[in-house]
Amino acid sequence: VSRVNPNTGAKQEVYIAPDYFDGDPSEANAFCPNKQIGRGTYGLALHPNFLEPDSAFIYFVYSYNHGDAQNPSTKFKIARLKWDANSEVVTQADAIVTNLPNGYDHWGGRLISATISNQNYLFYSIGDLGISEDSSPNCYPNQAENPNNFTQHPDSLQGKIHRFHMDGSIPADNPIPGNSFYTRGHRNPQGLAFNPEKEILYGVE
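A few points on the structure. (Residues numbered from 1 in each chain as written. Predicted model: local features only at pLDDT ≥ 70, side-chain atom pairs only at ≥ 80, totals over all residues. Heavy atoms only, no water.)

Attention now moves to the sheet that holds strand β8 (residues 119–126). Read from one edge to the other, the open sheet built from four strands follows the order β7-β8-β9-β10, with strand pairing classed as antiparallel. Unpaired on one side and paired on the other, β7 (111–116) and β10 (181–184) mark the two borders of the sheet. Each strand axis lies, on average, 25° off the axis of its neighbour in the sheet, ignoring direction. Where β7 and β8 come together, six bridges link them in antiparallel fashion. Paired with Leu-111 across the bridge in β8 is Tyr-124. (Pairing = 2+ DSSP bridges. Helix = DSSP H or I, 4+ residues; strand = E, 2+ residues; numbered from the N terminus. Axes fitted to C-alpha atoms, helices over the stretch in contact; angles between N-to-C directions.)

Take a look at the structure:
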């Protein structure tokens, strides 16, 4: 995570995730080996009250190894970084949401914070994670394993826009109690924007 001066272009590196993982060749799709598992750093957001010392948090998403060296499993997590404006350094890093799913395409990955009815929320988008090009039938000989088929299913995390409290917990008034999704049935939501006057969240696919 870097901090950039918009006037001079000077860049200050403020955080390097110690457990960042760039995927492993063994995680390639067995039937479409040219498709690599998702990896990288995705969305980044600031707490709505970032200028207040007690709420100076940076949130961002990156890939990590949820398995081990022998059996790698690249997943995504949302990390919360505590920012100290006086010293201009990150003083603490906590993983608040882990084991977010992965696939071979349509990762989504947008992160945004928003204040709705005086309550702060964190929204994170996940695409269907499936391969939808012409070769896709060959990539999933058994269509029961094609993740595109589960975007509406409440028990799957893909194809959803998820809503969390700022500490990563699930709001009690989400559409299904105990479930993090806020909307479902998405293909590849790569853009999120918020209108604070009307308190409306917009998604772009």
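Attention shifts here to the packing of aromatic side chains. According to the stated counting rule, one finds six aromatic pairs in the structure shown. On the numbers, 6.3 Å between centres and 55° between planes, the contact of Tyr-121 with Phe-123 is tilted. The two residues Tyr-121 and Phe-123 agree in class, both being buried. Among the aromatic residues, those joined into a cluster by ring pairs are Tyr-15, Phe-60 and Tyr-62. Between Arg-80 and the ring centre of Phe-57, over which it is positioned, the NZ or CZ distance is 4.6 Å. Sitting above the plane of the Tyr-121 ring, Arg-163 keeps its charged end 4.3 Å from the centroid. (Phe/Tyr/Trp six-rings, centres within 6.5 Å; stacked < 30°, edge-to-face > 60°. Buried < 20%, exposed > 50% of the residue type's maximum accessible area, 1.4 Å probe, protein only. Lys NZ or Arg CZ within 6 Å of the ring centre and 35° of its normal.)

Along the chain, Asp-128 falls in the loop between β8 and α1 (136–139). No salt bridge is formed by the buried Asp-128. Its closest oppositely charged neighbour is Arg-187, at 4.9 Å. Only 2.9 Å separates the side chain of Asp-128 from the side chain of His-106, close enough to count as a polar contact. Engagement of the side chain of Asp-128 in a polar contact is seen with the backbone nitrogen of Gly-130, the distance being 2.9 Å. Ignoring sequence-local partners within four residues, the contact set of Asp-128 consists of His-106, Pro-147, Asn-148, Thr-151, Gln-158, Gly-159, His-186 and Arg-187. (Lys, Arg positive; Asp, Glu negative; His and termini not counted. Salt bridge = Lys/Arg side-chain N within 4 Å of Asp/Glu carboxyl O. Polar contact = N/O pair within 3.5 Å; in protein donor to acceptor, adjacent residues only side chain to side chain. Contact = heavy atoms within 4.5 Å.)

In this section: the environment of Thr-98. Secondary-structure assignment places Thr-98 in strand β6 (residues 89–100). Assessed through its relative accessible area of 40%, Thr-98 is described here as partly exposed. Thr-98 sits 87 residues away from Gly-185 along the chain, and the two C-alpha atoms are 22 Å apart. When neighbours within four sequence positions are excluded, Thr-98 is seen to be in contact with Tyr-64, Phe-76 and Lys-77.

Two orientations exist for strands paired in a sheet by backbone hydrogen bonds: parallel and antiparallel. Pairing is antiparallel across the open sheet formed by four strands, whose spatial order is β3-β4-β5-β6. The strands lining the two open edges of the sheet, one partner per strand, are β3 (41–46) and β6. Direction aside, the axes of adjacent strands within the sheet are offset by 25° on average. Alignment of strand β4 (residues 57–65) against strand β5 (residues 74–84), held across nine bridges, turns out to be antiparallel. Residue pairing for β5: Tyr-62 is matched across the bridge by Lys-77.

Among the nonpolar cores identified, the biggest contains 16 residues, and Tyr-59, Ile-78, Leu-100, Leu-111, Leu-122 and Tyr-124 are the most heavily contacted of them. For this core, the secondary structure elements donating two or more residues are β4, β5, β6 and β8. Each residue touching Tyr-59, except ones within four places of it in the same chain, is listed here: Gly-43, Leu-44, Ala-45, Leu-46, His-47, Ala-79, Arg-80, Ile-96, Leu-111, Leu-122 and Met-166. Among the nonpolar cores identified, the runner-up in size contains 13 residues, and Tyr-15, Ala-17, Ala-79 and Val-90 belong to it. (Core = buried A, V, L, I, M, F, W, Y, C linked by side-chain atoms within 4.5 Å.)

This part takes up the environment of Ser-125. Residue position: Ser-125 is located in strand β8. Residues Ser-125 and Asn-142 lie 17 residues apart in sequence; the distance between their C-alpha atoms is 26 Å. Apart from the residues lying within four places of it in its own chain, the contact partners of Ser-125 are Trp-107, Gly-108, Gly-109, Arg-110, Lys-160, Ile-161, Pro-189 and Leu-192.

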